[in-house]
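Listed below are the residues making up each chain.
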Amino acid sequence: KSKDTGKNKYTLFDVTMEEELNRNSLITEVLRHAIANEEVYVVYQPQYNIRKEKMTGFEALMRIRNPKLGELYPQEFIPIAEESGMITELGEWILREACLFNKKLIDSGFDSLTVSVNISSVQLSKANFIEIIQNILEETGLPAGNLELEVTESTLVSSLSNASVQLSSLQELGILISLDDFGTGYSSLNYLTNMPIDTLKMDKSFVNNICSNEKDARIASGIINLAHSMKLEVIAEGVERIEQLEVLRKNRCDIIQGYIYSKPLLPHILLETLMPDPADSEFNDPASASKA
Ligand code: C2E
Ligand code: MG
Ligand code: MG
Ligand code: MG
């Protein structure tokens with residue numbers, strides 16, 4: 001009987017693997033035509049500055065909607081895009097979209113905001129990456145200081161890219177660099193001190209238990225203090241509850257990003273959120289609009 005079970009398990013595993021391979025090759029095909037078919041789009045998640053008590057930036061997050069496969073999320077398709085090389089094209093597409101959108105906001109008279117775009121190690125390892133970014137800034141007219149690039153610890157460690165040299169050149173252009181998912185990777189403090197970084201994004205796994213787990217609370221507070229001692233700004237990711245916000249505020253975290261403030265939004269919804277309410281005379285001055 002035990003032999004049977006073993007055989008069934010093997011068969012089940014086999015079928016699952018085959019299904020996964022099929023889905024992966026379907027997604028690869030979708031990715032190949034996503035831009036031409038207009039199946040790729042961007043959502044923007046606002047970031048709230050606790051000290052300034054206003055929105056100071058937003059992160060661009062990629063989405064794909066395909067008639068056959070439905071809604072696809074980055075956790076599934078980004079690894080496939082990286083493997084197939086499609087990330088280079090998709091990454092350039094979202095960079096241009098995000099810069100164009102932020103330029104539009106600036107031209108509409110809102111307070112100057114920072115747009116953050118996630119960058120894959122595959123993109124960063126390309127010799128012409130700096131050139132691509134420069135071209136996009138030139139084309140869209142977005143000032144370099146209104147663009148932030150998010151890289152993860154694994155990207156910094158990756159032997160693929162001469163990451164620190166590339167990032168230094170970008171920083172010299174005036175672009176901001178943010179270290180994403182901080183605390184989940186294998187970066188040593190040595191990396192942190194030697195890399196050109198402006199912002200540290202504390203991973204949501206620390207924020208999760210910041211109220212219930214004393215150890216996580218101490219780690220979070222330690223990360224914030226460490227970042228500040230290095231003159232970095234700290235963003236807490238995945239803030240969902242008011243109690244988490246209170247602990248972060250007490251620990252002098254600079255910025256929060258999470259469902260408590262806003263979900264990722266379609267561009268026109270974000271625009272509406274920022275728009276002054278015509279019925280409210282206080283906001284008739286567009287310069288004060290984004291302070292609402
Ligand atoms: P990330 O850069 O760490 O982005 C934050 C993720 O947390 C987003 O997931 C966001 O929707 C989610 N999130 C925001 N607030 C909350 C919250 O309060 N609670 C919870 N549970 N989650 C929250 P998303 O959009 O699914 O993206 C997942 C990851 O995929 C991103 O993590 C990023 O690493 C990658 N990614 C997304 N867009 C791109 C892209 O254009 N290029 C590249 N290379 N990677 C991307
Ligand atoms: Mg990110
Ligand atoms: Mg993150
Ligand atoms: Mg993440």
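Just so we're clear, the structure is a prediction, and the values are computed from it rather than from any experiment.

**Q** Mind showing me how you'd approach empty space enclosed by the protein here?
**A** Empty space left among the atoms is revealed by rolling a probe the size of a water molecule over them. In this structure the tally under the stated criterion is one cavity of 30 Å³ or more. Taken as a whole, the largest cavity encloses approximately 50 Å³ of empty space. What lines the largest cavity is Thr88, Glu92, Gln123, Lys126, Asn128, Phe129 and Ile132. Put simply, the parts of the chain that give the lining of the largest cavity at least two residues each are α3 (87-107) and α5 (129-140).

**Q** What exactly am I supposed to notice about the nonpolar core here?
**A** Side chains of a nonpolar character, in soluble globular proteins, are inclined to be buried together. The biggest cluster of nonpolar side chains holds 79 residues, and the ones touching the most others in it are Leu147, Leu149, Leu170 and Leu248. At nine residues, α3 tops the list of elements feeding residues into this core. Here Leu147 is in contact with Leu95, Cys99, Thr114, Val115, Val117, Ile133, Leu137, Leu142, Ile175 and Leu176, once residues within four sequence places are set aside.

**Q** What's the story with the packing of α3 against α5 in this structure? I'm lost.
**A** The geometry of a pair of packed helices is captured by two quantities: the angle between their axes and the separation between those axes. One can describe the packing of α3 onto α5 by two numbers: an axis separation of 9 Å at closest approach and a directional angle of 30 degrees. Relative to α5, the element α3 lies roughly parallel. Considering the relative orientation of α3 and α5, their crossing is right-handed. Seen from α3, the contacting residues are Glu92, Leu95, Arg96, Cys99, Leu100 and Lys103; seen from α5, they are Phe129, Ile132, Ile133, Ile136, Leu137, Glu139 and Thr140. When grouped by side-chain class, the residues that make up the contact of α3 with α5 number eight nonpolar, one polar and four charged.

Thresholds applied
- Residues numbered from 1 in each chain as written.
- Chains lettered and ligands numbered in written order.
- Predicted model: local features only at pLDDT ≥ 70, side-chain atom pairs only at ≥ 80, totals over all residues.
- Heavy atoms only, no water.
- 1 Å grid on protein atoms, 1.4 Å probe; cavity = no way out; pocket = protein on both sides within 12 Å on 5 of 7 lines; lining within 4 Å.
- Points joined across faces, edges and corners; volume = space filled by probe spheres on them.
- Helix = DSSP H or I, 4+ residues; strand = E, 2+ residues; numbered from the N terminus.
- Core = buried A, V, L, I, M, F, W, Y, C linked by side-chain atoms within 4.5 Å.
- Buried < 20%, exposed > 50% of the residue type's maximum accessible area, 1.4 Å probe, protein only.
- Contact = heavy atoms within 4.5 Å.
- Axes fitted to C-alpha atoms, helices over the stretch in contact; angles between N-to-C directions.
- Parallel < 35°, antiparallel > 145°, perpendicular 65-115°, else oblique.
- Left-handed = near helix turned anticlockwise from the far one by under 90°.
- Nonpolar A, V, L, I, M, F, W, Y, C, P; charged D, E, K, R; others polar.

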